Structures are given as C-alpha cells and as structure tokens.
Amino acid sequence: MGILAWIIFGALAGGVAGLIAGSKRSGCLYNIVIGVVGAFLGGLIMQFITGEPFSFGFDWRSFLVAVVGAIILLVATGATKRK
C-alpha cells in the first residue's frame, strides 16, 4: 500500500474510531496518526490471536481491524470523553 493510501486509510479509520469511542480531539492529522497506529496495533493483535500473518490491504477486514485497533489505542491513552 502506498503512502497516500495509508494516509487516506488512517484518516478514515481514525475518524470512525473517534466517533465510536467519543474522542475529545479531532482533526485530520490526529485522525491519520490514530488510524495508522491503530491499524498497526490491530494487526499485531490479530496476528497474536490467529497466529497468521496479517496483510494490510485496502479491504473491509483491514478497515475493521484498524478501527478496533484505533479504539483500543484511544481508550488506552485516555483520549475519550468521560461520562
């Protein structure tokens, strides 16, 4: 996947994760960073759970893994709204 695809993928995954988790912050660059790091984290978790190497392609499975990883990252760092 090229760098532009990673940026778009990260922005989408980070934005969706921020909406679901109720992130305090928003912004394009923040969403990109959260999405890309979340994709990496989600891929590592999936690789640990399944024991199979995870390939990052632009498909729904990868998007779901990236969103879940980004949500975990937001919750772990405390970047979500407290009720």
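For the structure itself, look to the data block above.
Thresholds, definitions, all that
- Residues numbered from 1 in each chain as written.
- Predicted model: local features only at pLDDT ≥ 70, side-chain atom pairs only at ≥ 80, totals over all residues.
- Heavy atoms only, no water.
- Core = buried A, V, L, I, M, F, W, Y, C linked by side-chain atoms within 4.5 Å.
- Buried < 20%, exposed > 50% of the residue type's maximum accessible area, 1.4 Å probe, protein only.
- Helix = DSSP H or I, 4+ residues; strand = E, 2+ residues; numbered from the N terminus.
- Axes fitted to C-alpha atoms, helices over the stretch in contact; angles between N-to-C directions.
- Parallel < 35°, antiparallel > 145°, perpendicular 65-115°, else oblique.
- Left-handed = near helix turned anticlockwise from the far one by under 90°.
- Contact = heavy atoms within 4.5 Å.

Caption draft 1: Fine view of the nonpolar core. The biggest cluster of nonpolar side chains holds 13 residues, and the ones touching the most others in it are Ile34 and Leu74. Of all the elements in the fold, those that place two or more residues in this core are α1 (3–21), α2 (28–50) and α3 (60–77). Take this core: its biggest share by element is six residues, from α3.

Caption draft 2: Spotlight on the packing of α1 against α3. Two elements in contact, α1 and α3, have axes separated by 8 Å at closest approach and are oriented at 55°. As far as their axial angle goes, α3 and α1 are oblique. Judged by the sense of rotation from one axis to the other, the crossing of α1 with α3 is right-handed. Along its contact with α1, which presents Phe9, Leu12, Ala13, Val16, Ala17, Gly18, Ile20 and Ala21, the element α3 presents Ser62, Phe63, Ala66, Val67, Ala70, Ile71 and Leu74.

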